[in-house]
Amino acid sequence: PSQPPSRVKTVFPRELCHFKSEFELVYAMKGAISAHKAICERADGELHGDINTNTILIIGHPPLDRPSEGALIYWEPPLTIQTLRKMGK
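Quantities reported herein were computed from a predicted structural model and do not represent experimental measurements.

One recurring pattern in soluble globular proteins: nonpolar side chains tend to sit buried together. Listed in full, the six residues of the largest apolar core are Leu16, Ala28, Ala32, Ile56, Ile58 and Leu72. Broken down by secondary-structure element, the contributors of at least two residues to this core are α1 (22–42) and β2 (56–60). If near-sequence neighbours (up to four positions away) are discounted, Ala28 is found in contact with Leu16, Ile58, Glu69 and Gly70.

Listed below in structure tokens is the structure:
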């Protein structure tokens, strides 16, 4: 009997500064912006607390014939005024 296709796929992450073309850079940024939008909508307006070139990755899918995507990593919700008060800052 054959096995059902796995939902786990092999990906090849790269830092944002290692883009191969302008198209890939823009497409990765689009993916990161879409991910941030989805997080914001699902988490009642909460935002990623530290978006920078180190928290956006380019995710390649070789040997599949499809473009690389962007991903956000190192999720840290932003500090709220209430949290800062609790921390004494």
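So, next bit.
So, about the pairing of β2. Taking burial as the measure, the five residues of β2 include five buried ones, the bulk of the element. Here four bridges tie strand β1 (residues 12–15) to β2, and the two strands are oriented antiparallel to one another. Within β2, the position partnered with Glu15 by the bridge is Leu57.

Pairing is antiparallel across the open sheet formed by three strands, whose spatial order is β1-β2-β3. Each edge of the open sheet is held by one strand with a lone partner, namely β1 and β3 (69–72). On average, adjacent strands in this sheet sit at an angle of 40° to one another, irrespective of strand direction. Pairing of β2 with β3 involves four bridges; the strand directions are antiparallel. Bridging across to β3, Leu57 finds its partner in Ala71. α1 contacts β1, β2 and β3 of the sheet and is inclined by roughly 40° relative to β3.

What counts, and where the lines are drawn
For every chain, the first residue of its written sequence is number 1, and the numbers climb from 1 along that sequence. Where local features are concerned, this predicted model is filtered to residues with pLDDT of at least 70; where side-chain atom pairs are given and counted, the filter is 80 or more; whole-chain, interface and lining totals use all residues. Side-chain figures throughout are based on the complete set of non-hydrogen atoms in the structure, without hydrogens or water. To form a nonpolar core, buried Ala, Val, Leu, Ile, Met, Phe, Trp, Tyr and Cys residues must be joined to one another through side-chain atoms within 4.5 Å. In this scheme, a residue with accessible area under 20% of its type's maximum is buried, one over 50% is exposed, and one in between is partly exposed, where area comes from a 1.4 Å probe on protein chains only. Secondary structure elements are defined from DSSP: runs of H or I of at least 4 residues count as helices, runs of E of at least 2 residues count as strands, and each element is numbered from the N terminus. Residue contacts are counted whenever heavy atoms from the two residues lie within 4.5 Å of one another. Paired strands, in this sense, are two strands between which DSSP finds at least two bridges. Angles run from 0 to 180 degrees between N-to-C directions of axes, and those axes are lines fitted to C-alpha atoms, restricted for helices to the stretch in contact.

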